[in-house]
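Examination of the molecular architecture
One-letter residues, chain by chain:
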Amino acid sequence: MKKAVFILLALVFLLSAFAVAVDDVNPALTDADPDDDSDDNKKIEVEDDDTNVGDDLVKKEKQKKVVVRKAISRLHLTAAGLAVSEDDVFDFSHAKVVVGSVKVRATPVDNVATDYAVKRMGVLMLDEGKYHLKNISVADEEISADIFGPTTDSNLVSESMGELKVKRFEKPGKDIWAGNMVLNGKTYNIYLLGMGRKFKLAEVTEKIGDYCKDNPEDEKCTKINSRCKDDVEDCKEKVKEHCEENTADQKCLQLKKLYCLKNASDERCREYLKDLCEENPRLAHCRIREVNGQRVIGVNPTAVVAVTAERGESPTSLVIDKTRPGLRVARRRIEDVNTEEDEE
């Protein structure tokens with residue numbers, strides 16, 4: 001007991017000594033010498049006549065010019081991350097990549113049976129530099145493209161500057177796209193964090209309408225419009241109109257799922273299919289794995305169709321089989337990763 005009291009008294013004594021020391025120091029901190037020019041004691045003020053203080057307490061948002069863009073037919077990749085030089089880890093750029101397809105007016109060169117063609121397009125942003133991606137190849141979980149640019153509003157003429165090849169890796173919470181990029185003769189490792197994108201109502205009803213136009217005998221379509229077999233154009237418009245006004249209709253939801261199971265390379269479909277897996281991981285299209293002790297929800301490639309041709313798109317343009325000398329290293333690395341995953 002005496003020992004405990006002695007320890008308690010010692011602690012009180014130490015705390016009292018500490019308080020006195022702080023009180024002794026405080027005057028030196030608060031009552032600074034006005035003639036002391038050290039950084040810690042500089043007097044900083046804003047003069048009354050200083051008008052260089054901005055225009056408003058809250059920065060006003062600039063009105064953005066409305067730009068009418070072509071509707072996205074497919075969205076294969078939308079991601080952001082880093083491109084890091086293989087030679088110098090401190091030589092890197094902020095990278096953003098968008099790859100998709102849009103509908104354009106068909107020309108005789110397109111050789112399609114419709115009045116429009118579906119063209120693959122892509123944009124690569126490296127810091128503030130803008131590059132265009134062409135000759136885009138989409139195959140299962142891989143995307144490759146030629147890099148053209150950079151371009152500006154005043155100079156749209158571009159020439160090939162390099163190549164890009166990335167592969168999807170399913171990680172907890174997000175997909176990561178990793179691979180290599182060759183630009184101006186330099187090789188970069190590129191890592192992109194996938195940014196999920198859900199369907200807008202007009203987009204999904206367009207896809208449902210197109211499906212019924214291509215499959216007018218499907219009962220899910222004829223139950224919405226009994227005249228689908230007689231007039232496919234009217235079928236498409238009636239189905240679109242019905243699903244826009246009845247977003248919870250079971251037939252519309254089933255058509256959305258059917259479309260997405262046949263077009264799993266569209267990022268919007270992938271987000272939708274993964275959301276279904278969150279609710280019911282036992283669905284056939286779900287792939288549940290464990291990575292570093294965490295559950296990862298993905299899409300089972302054997303239960304979906306990854307890349308298909310849609311109306312206006314040439315099937316031969318889905319996958320471009322060509323030699324990419326600059327990305328020989330990237331191809332070998334990605335093939336090694338594929339082999340390792342197959343062995344698992």
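Residues numbered from 1 in each chain as written. Predicted model: local features only at pLDDT ≥ 70, side-chain atom pairs only at ≥ 80, totals over all residues. Heavy atoms only, no water.

1. Side note on the packing of aromatic side chains
Per the counting criterion, the structure on display carries 0 aromatic pairs. Here the guanidinium or amino end of Lys 134 rests over the ring plane of Phe 148, the centre of that ring lying 4.8 Å away. Cation over ring: Lys 167 sits above Phe 169, and NZ or CZ is 5.7 Å from the ring centre. (Phe/Tyr/Trp six-rings, centres within 6.5 Å; stacked < 30°, edge-to-face > 60°. Lys NZ or Arg CZ within 6 Å of the ring centre and 35° of its normal.)

2. What to know about the packing of helix H5 (residues 250–261) against helix H6 (residues 267–279)
With their axes 9 Å apart at the nearest point, H5 and H6 run at an angle of 115 degrees to one another. As for how H5 packs across H6, the hand of that crossing is left-handed. Contacts from Leu 253, Lys 256, Lys 257, Tyr 259, Cys 260 and Leu 261 in H5 reach Cys 269, Tyr 272, Leu 273 and Leu 276 in H6. (Axes fitted to C-alpha atoms, helices over the stretch in contact; angles between N-to-C directions. Helix = DSSP H or I, 4+ residues; strand = E, 2+ residues; numbered from the N terminus. Left-handed = near helix turned anticlockwise from the far one by under 90°. Contact = heavy atoms within 4.5 Å.)

3. Overview of the sheet that holds strand E5 (residues 142–148)
If you trace the 8 strands once around the closed barrel, you get E1-E2-E3-E4-E5-E6-E7-E8, paired in antiparallel fashion. Direction aside, the axes of adjacent strands within the sheet are offset by 30 degrees on average. With 9 bridges joining them, strand E6 (residues 160–170) and strand E7 (residues 175–183) adopt antiparallel strand pairing. In the sheet register, Glu 163 faces E7, and the bridge partner there is Val 182. Taken strand by strand, H6 contacts strand E1 (72–85), E6 and E7, and its axis lies near 90 degrees from that of E1. (Pairing = 2+ DSSP bridges.)

4. Observations regarding helix H4 (residues 232–245)
Under the 1.5 Å per step criterion, the end-to-end length of H4 is 20 Å for 14 residues, consistent within 8% with the ideal 20 Å. Listed in full, the buried residues belonging to H4 are Asp 234, Cys 235, Lys 236, Val 239, Lys 240 and Cys 243. On its buried face, H4 is in contact with helix H2 (201–214), helix H3 (219–222) and H5. (Expected span 1.5 Å × (residues − 1). Buried < 20%, exposed > 50% of the residue type's maximum accessible area, 1.4 Å probe, protein only.)

5. Comments concerning the confidence of the model for the protein
For the protein, per-residue confidence averages 79 on the pLDDT scale, and 72% of positions sit at 70 or higher. In this model residues 1–30 is a low-confidence stretch, pLDDT under 50, and it forms 0 contacts with partners more than four residues away in sequence or in other chains. (pLDDT = per-residue confidence, 0-100.)

6. A look at the state of the cysteines
Tallied over the full model, the rule gives 5 disulfides. Bridging Cys 212 to Cys 221, the disulfide has an S-S length of 2.1 Å. Taking the sign of the S-S torsion, about -85 degrees here, the bridge from Cys 212 to Cys 221 comes out left-handed. Judged by relative accessible area, which is 0%, Cys 221 ranks as buried. Cys 228 shares a disulfide with Cys 235; S-S distance 2.0 Å. Since a negative S-S torsion denotes a left-handed disulfide, the Cys 228-Cys 235 link at about 70 degrees is right-handed. (Disulfide = S-S within 2.5 Å.)

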